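# Observations on chain architecture
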Amino acid sequence: MLAEATVHTTLPVSDMDRAKRWYHDKLGMDPVTESQDGVMYETAGGKFGLFETRVDKRAGHTQMDFEVGDLKAEMAELRSNGVVFEDYDLPGIKTTDGVAEWPNGAAAWFKDCEGNVLCIMHQEH
């Protein structure tokens, strides 16, 4: 049943105006739709939404991945917009200059202005 469904991520935000500015200024994205329930963004391969909530606790783990063709170039552009990448030294994940590598790919994580953990990754197919 659900294997045929289209899915998208919805991320919580405490301040919708602040979040929309951050996604515009840092990621170069603007909502494609807005309603009283939230905003929706679209990428070449999917979509995601933001909804405003008074709950300020965030998950603390990766909530959304962006698969990109050139990880280093994307990181450079995001850094030029003020995005700060996380460094991890955990079992199974160790980053160097924000990047964790494995045999067929690499990934880097950052937080949006609301504390949601986002990832950009490149994977050889």
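Residues numbered from 1 in each chain as written. Predicted model: local features only at pLDDT ≥ 70, side-chain atom pairs only at ≥ 80, totals over all residues. Heavy atoms only, no water.

### What about the pattern of salt bridges?
- Enumeration over the complete set of coordinates arrives at four salt bridges.
- With its nearest N and O atoms 3.5 Å apart, the salt bridge here joins Arg79 to Asp97. Here Arg79, found in helix H2 (residues 71-80), pairs with Asp97, found in the loop between strand S7 (93-94) and strand S8 (99-102); they are 18 residues apart in sequence, far enough to count as distant.
- Of the residues examined, Arg79 reaches a relative accessible area of 35% and is grouped as partly exposed.
- Note that Lys94 and Asp89 form a salt bridge whose closest N and O atoms lie 4.0 Å from each other. (Salt bridge = Lys/Arg side-chain N within 4 Å of Asp/Glu carboxyl O. Helix = DSSP H or I, 4+ residues; strand = E, 2+ residues; numbered from the N terminus. Buried < 20%, exposed > 50% of the residue type's maximum accessible area, 1.4 Å probe, protein only.)

### Describing the UniProt feature "domain: VOC" (unreviewed entry) in the protein
- The feature "domain: VOC" (unreviewed entry), as annotated in UniProt, sits at residues 5-123 in this numbering.
- The annotated region residues 5-123 carries 18% helix and 41% strand content, and the separation between its end C-alpha atoms amounts to 24 Å. (UniProt positions renumbered as here; feature names shortened; annotations may be inferred.)

### What about the sheet that holds S8?
- Strand order in this open sheet of four strands is S5-S10-S9-S8, and the pairing throughout is mixed. Looking at which strands have only one partner, the edges of the open sheet turn out to be strand S5 (62-67) and S8. With direction set aside, neighbouring strand axes in the sheet form an average angle of 25°.
- Relative to strand S9 (residues 105-111), S8 runs antiparallel, the two sharing four bridges. In the strand pairing of S9, Ala100 is matched with Ala107.
- In this fold H2 packs onto S8, S9 and strand S10 (117-123), with an angle of close to 150° to the strand it touches most, S10. (Pairing = 2+ DSSP bridges. Axes fitted to C-alpha atoms, helices over the stretch in contact; angles between N-to-C directions. Contact = heavy atoms within 4.5 Å.)

### Quick look at the sheet that holds strand S2 (residues 33-35)
- Taken together, four strands build an open sheet; the order of strands is S1-S4-S3-S2 and the sheet is mixed. Only two strands of the sheet have a single partner each, and these edge strands are strand S1 (9-13) and S2. Going from strand to strand, the sheet's axes swing by 20° on average, the running direction of each strand aside.
- The pairing of S2 with strand S3 (residues 38-43) spans three bridges and is antiparallel.

### Examining the nonpolar core
- Of all hydrophobic cores here, the largest spans 26 residues; its most connected members are Tyr23, Leu27, Phe48, Leu50, Phe85, Phe110 and Ile120.
- Among the elements of the structure, S1, helix H1 (16-27), S3, strand S4 (46-52), S5, H2, S9 and S10 are those that each provide at least two residues to this core.
- The element best represented in this core is H1, accounting for five residues.
- Judged by nonpolar contacts, the second largest core, of six residues, contains Ala100, Ala107, Trp109 and Val117. (Core = buried A, V, L, I, M, F, W, Y, C linked by side-chain atoms within 4.5 Å.)

### Some details on the side chain of Arg58
- Structurally, the position occupied by Arg58 is in the loop between S4 and S5.
- Polar contacts involving the side chain of Arg58 include one to the main-chain carbonyl oxygen of Val55, which spans 2.8 Å.
- A polar side-chain atom of Arg58 sits 3.1 Å from the main-chain carbonyl oxygen of Glu114.
- Ignoring sequence-local partners within four residues, the contact set of Arg58 consists of Pro12, Val13, Ser14, Thr53, Glu114, Gly115 and Asn116. (Polar contact = N/O pair within 3.5 Å; in protein donor to acceptor, adjacent residues only side chain to side chain.)

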